[in-house]
Amino acid sequence: MKSPRPALDRLREVSLYEAFRRSNDVMFYCDRDSGILDVNPAFVRLFGFKREEAVGKNPRFLRSAHSTAELYGRMWESILDPSQGYWRGEIVDKAKDGREITLLLSITAVRDTDEGVLGFMAIGMDLTEQVSLKTRVAQSEALANIGEMAAVVAHEIRNPLGSIVLASNQLANEALSPSDRGTVMKLLRSESKRLSDVLASFLTYARPPSIRLSRADLNALVAEVCGILQSDREMMRHARMSVSLAPDLAPCPMDPEQIRQVVWNILVNALQAMEGYGRLTVSTGREPGHVFLRVRDTGPGIQPAVLPQIFKPFFTTKQQGTGLGLATADRIMKAHAGAIEVESKPGEGATFTVRLPRPEE
Ligand code: ADP
């Protein structure tokens with residue numbers, strides 16, 4: 001086996017200063033008062049400042065609008081703390097021509113044997129390419145989402161629109177009997193409503209309104225939505241609903257319109273899953289820091305493979321679903337610093353729990 005000796009000797013021959021000069025990563029050295037003593041050629045190449053322009057300056061002259069005074073404060077705290085002695089992190093600096101450069105920067109305090117700080121050594125790795133790659137990936141993901149959304153919108157609109165065109169053609173037929181005319185008119189109304197509902201849910205998802213917090217009573221909201229659904233015979237059919245509202249539920253900060261939408265989406269999903277049979281159990285309650293709504297149904301439940309998908313936009317297992325109900329509900333709950341949890345075993349129904357933060361009393 002070849003001895004590593006000659007390579008090691010050769011390395012020692014090359015002075016540390018040569019390593020500093022030849023490094024492809026940006027390196028600069030500051031004295032204890034943070035004045036730059038020297039910069040390497042990689043620094044000159046990346047930032048566009050000549051060595052003479054940088055020497056003597058505080059490295060803050062590279063600071064961009066993205067680096068806050070707070071960031072610098074934390075940075076110096078870690079570097080000057082003898083138990084740590086360095087700082088490492090991502091920073092956006094500004095080149096001579098104004099370009100913003102993202103660096104992974106590592107600054108180490110150089111101390112003498114008496115633990116006094118002699119100066120600071122900084123090594124920076126240019127991350128500009130990685131950052132622009134990340135941006136490009138995010139942009140193409142956004143484009144793919146738009147494409148996916150456009151396809152779903154087109155699909156959802158085409159069916160009711162087709163029925164509407166057909167129905168209006170039939171209405172033009174003078175030989176149509178009054179009862180057939182009535183049926184066609186009814187179809188026209190229901191299909192137009194479907195079209196308008198589909199568009200409304202797309203818009204809510206695509207442009208979520210900002211939340212307007214006020215103190216509202218979750219119990220009152222739940223009671224109202226349950227009342228509307230209980231009187232909807234088409235929705236309930238043979239299903240039963242039991243509602244148990246906790247008496248000690250304090251009003252909570254929420255956007256009542258948006259929380260009503262969450263409650264509606266979850267209850268409608270549960271009723272649709274039960275397909276007109278079984279029992280829906282709705283309850284509210286409080287826990288430390290939260291109030292909650294729990295909706296338990298006796299429908300078919302959710303397969304483990306499907307469970308991670310249900311909050312994704314456009315995921316649906318229904319013929320007429322948009323797959324936006326839970327995605328919208330999830331987004332609303334996150335905006336309220338709350339959450340939705342789901343538990344389900346196939347064949348044993350599903351339980352959705354919505355939690356809203358409760359102010360400390
Ligand atoms: P949509 O109702 O338009 O399908 P959602 O985002 O509201 O969209 O729901 C996504 C999917 O989650 C549904 O298609 C269904 O497969 C599943 N799901 C939601 N709630 C339940 C439930 N209570 N029981 C079974 N599956 C459910």
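Caption draft 1: Examining the packing of helix H6 (residues 128–171) against helix H7 (residues 178–206) more closely. H7 packs onto H6 with a crossing angle of 160 degrees between their chain directions and a minimal axis gap of 9 Å. As summarised for this structure, H6 and H7 are arranged roughly antiparallel, according to the angle between their axes. Seen along the crossing, H6 lies across H7 with a hand that is left-handed. Its residues assigned to classes, the contact of H6 with H7 comprises 18 nonpolar, five polar and four charged.

Caption draft 2: Spatial organisation of unusual backbone geometry. One non-glycine residue, Arg237, lies in positive phi territory at about 45 degrees. With respect to the secondary-structure elements, Arg237 resides in the loop between helix H9 (233–236) and strand E7 (240–244). One non-glycine residue with positive phi stands out, namely Ala337, at about 60 degrees.

Caption draft 3: Just the site of the ligand, in detail. Neighbouring the ligand are 18 residues; Asn269, Thr316, Thr317, Lys318 and Leu326 lie closest to it. Take Lys318: an N or O atom from its side chain is 2.7 Å from an oxygen atom of the ligand. In the model, an oxygen atom of the ligand is placed 3.3 Å from a nitrogen or oxygen of the Gly325 main chain. Considered class by class, the residues forming the shell around the ligand number eight nonpolar, eight polar and two charged.

Caption draft 4: Molecular detail of the sheet that holds strand E12 (residues 350–357). Pairing in this open sheet of five strands is mixed, and the strands run E7-E9-E10-E12-E11 from one edge to the other. Each having just a single partner strand, E7 and strand E11 (339–344) make up the two edges of the open sheet. Strand after strand, the sheet turns through a mean of 15 degrees between neighbouring axes, direction not considered. As judged from the seven bridges shared by strand E10 (residues 290–296) and E12, these two strands associate in the antiparallel manner. Paired with Phe292 across the two strands is Arg355, which belongs to E12.

Caption draft 5: Region of interest: the environment of Leu229. Relative to the helices and strands, Leu229 is located in helix H8 (residues 218–230). Leu229 sits 27 residues away from Pro256 along the chain, and the two C-alpha atoms are 18 Å apart. With residues up to four places along the chain from it excluded, the contact list for Leu229 reads Met235, Met236, Met241, Trp264, Leu267, Val268 and Leu271.

Parameters at a glance
Residues numbered from 1 in each chain as written. Predicted model: local features only at pLDDT ≥ 70, side-chain atom pairs only at ≥ 80, totals over all residues. Heavy atoms only, no water. Axes fitted to C-alpha atoms, helices over the stretch in contact; angles between N-to-C directions. Helix = DSSP H or I, 4+ residues; strand = E, 2+ residues; numbered from the N terminus. Parallel < 35°, antiparallel > 145°, perpendicular 65-115°, else oblique. Left-handed = near helix turned anticlockwise from the far one by under 90°. Nonpolar A, V, L, I, M, F, W, Y, C, P; charged D, E, K, R; others polar. Near = heavy atom within 4 Å. Polar contact = N/O pair within 3.5 Å; in protein donor to acceptor, adjacent residues only side chain to side chain. Pairing = 2+ DSSP bridges. Contact = heavy atoms within 4.5 Å.

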